[in-house]
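Descriptive analysis of the structure
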Amino acid sequence: MEDLKAAITAIHRERPLSTVVLTGAGVSADSGIPTFRGEGGLWRNYRPEDLATAAAFARDPLLVWEWYEWRRSIVREAKPNAAHLAIARIPNTLVVTQNVDGLHQRAGSKDIIELHGNLFRTRCVREETRRDALDAFGTLPPHCQCGALLRPDVVWFGELLPVGAFERAGRAVRAADLLLVIGTSGVVFPAAGLVSFHEGLSIEINPQLSAISSACTFAVAANAAEATPPIVEAIIDARTHR
Ligand code: APR
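Read on for a plain summary of the structure. Along each chain, residues carry numbers from 1 onward, in the same order as the chain's sequence is written. Two thresholds apply to this predicted model, a pLDDT of at least 70 for residue-level local features and 80 or more for giving and counting side-chain atom pairs, whereas whole-chain, interface and lining totals are computed over all residues. Hydrogens are left out, water is left out, and the side-chain values use all remaining heavy atoms of the structure.

Observations concerning the pairing of strand β1 (residues 19–23)
Burial runs high along β1: five of the five residues are buried. Only protein chains enter the accessibility calculation, which uses a 1.4 Å probe; a residue whose area is less than 20% of its type maximum is buried, one above 50% is exposed, and one in between is partly exposed. Runs of H or I in DSSP of at least four residues are treated as helices and runs of E of at least two as strands, each being numbered from the N terminus. Alternating residues of β1 divide into T19, V21 and T23 and V20 and L22, and every residue in both groups is buried. Across five bridges, β1 lies against strand β2 (residues 93–97) in parallel orientation. Considered in β2, the bridge of V21 is made with V95. As judged from the five bridges shared by β1 and strand β7 (residues 178–182), these two strands associate in the parallel manner. Note on β7: the bridge partner recorded for V21 is L180. Any two strands with at least two DSSP-identified bridges between them are counted as paired.

Below is the structure:
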């Protein structure tokens, strides 16, 4: 893989001290979690407007919850893969993820911005209170103690990102020596716009060309679990042999 070798050579030359890792559904594909737009992707089989909008939830909260409970059951069975585990080893790193699966946390990453929320949290539609919800619900749709409906604490199409999340991510991407972009099609904004904030070395890992491949210094055409560990090895190595 020439592009991987070239990216590793650049890391050794530039010796990045700070890294931001921007991830999408592709980083969890090697854990058996379907992506959204790839082959067998969720949006190939379901219509986002039926399941991932506030209007869809108002129309049919049971349908929406049945779908989220199904996704939660898949993620509960899944394990962080070699890419998640390698990312958790990079010192002084911020993970900015579009994923709602919590696999970066489970892999040991500490500093994480969840731009699109988390499947294992709920939010009361009346009080806006958030609560962890790891286990499957007995009855659907679940309700808050106040009697109002609970919704998944995820960002649906047409909704704003969590307060301050994008701003903090943008500042970090601007300041970082290295930006790693792993497993995103780069078509959903504002997350995809973060790449344009970065001027230094950027490396994409994705088996397919994405909408942001041309904005990166290197586009490594590989699966996340395959290419991320050697890239992380190079980052750690370059730091120890300064
Ligand atoms: N390793 C790395 N990348 C992969 C792998 C893999 N094993 N398998 C697939 N990919 C790549 C695909 O080539 C594709 O470019 O991952 C990308 C997944 O793209 P999407 O399915 O569009 O997912 P993502 O970019 O995360 O979507 C953004 O859209 O539906 C909303 O809120 C949802 O957060 C999501 C957002």
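The rest of the description comes next.
So, the sheet that holds strand β9 (residues 218–220)
Overall, parallel pairing links the six strands, which are arranged β3-β2-β1-β7-β8-β9 in an open sheet. A single partner strand is all that each edge strand has here, and the edge strands are β3 (112–114) and β9. Along the sheet, successive strands turn relative to each other by an average axial angle of 15°, direction set aside. Of the strand pairs in this sheet, β7 and strand β8 (residues 201–205) are connected by five bridges, and their pairing is parallel. Within β8, the residue paired with L179 across the bridge is S202. Sitting on the sheet, helix α1 (residues 2–14) is in contact with β8 and β9, with an inclination near 135° to β9. Lines are fitted to the C-alpha atoms to define the axes, a helix being fitted only along its stretch in contact, and any angle between axes, read from their N-to-C directions, falls within 0 to 180 degrees. Residues count as neighbours in contact if any of their non-hydrogen atoms are within 4.5 Å of one another.

A few points about the sheet that holds strand β5 (residues 130–132)
Pairing is antiparallel in the open sheet, where three strands are placed in the order β5-β4-β6. Looking at strand neighbours, the two that pair on one side only are β5 and β6 (150–154), the edges of this open sheet. In this sheet, neighbouring strand axes are inclined to one another by 45° on average, regardless of whether the strands run parallel or antiparallel. Sitting on the sheet, helix α6 (residues 61–77) touches β4 (117–124) and β6, and the angle it makes with β4 is about 140°.

Section: the site of the ligand
What makes a residue near a molecule or strand is one non-hydrogen atom of that residue sitting within 4 Å of it. Residues in close proximity to the ligand total 21 residues, the closest being F36, R37, W43, T184 and S185. At 2.6 Å from an oxygen atom of the ligand is found a side-chain nitrogen or oxygen belonging to S185. All accessibility values rest on the Shrake-Rupley procedure with a 1.4 Å probe; residue burial counts only the protein chains present in the view. Coverage of the ligand by the protein chains reaches 91% of its 740 Å² of free accessible surface. Under this grouping Gly is polar, as are all residues other than the nonpolar Ala, Val, Leu, Ile, Met, Phe, Trp, Tyr, Cys and Pro and the charged Asp, Glu, Lys and Arg. Taken together, the residues that form the shell around the ligand break down as eight nonpolar, 11 polar and two charged. Two N or O atoms count as a polar contact when they lie within 3.5 Å, although within protein this holds only if one can serve as hydrogen donor and the other as acceptor, and sequence-adjacent residues are included solely when both atoms are side-chain atoms.

Note that all results are geometric; they support no functional claim without further evidence.
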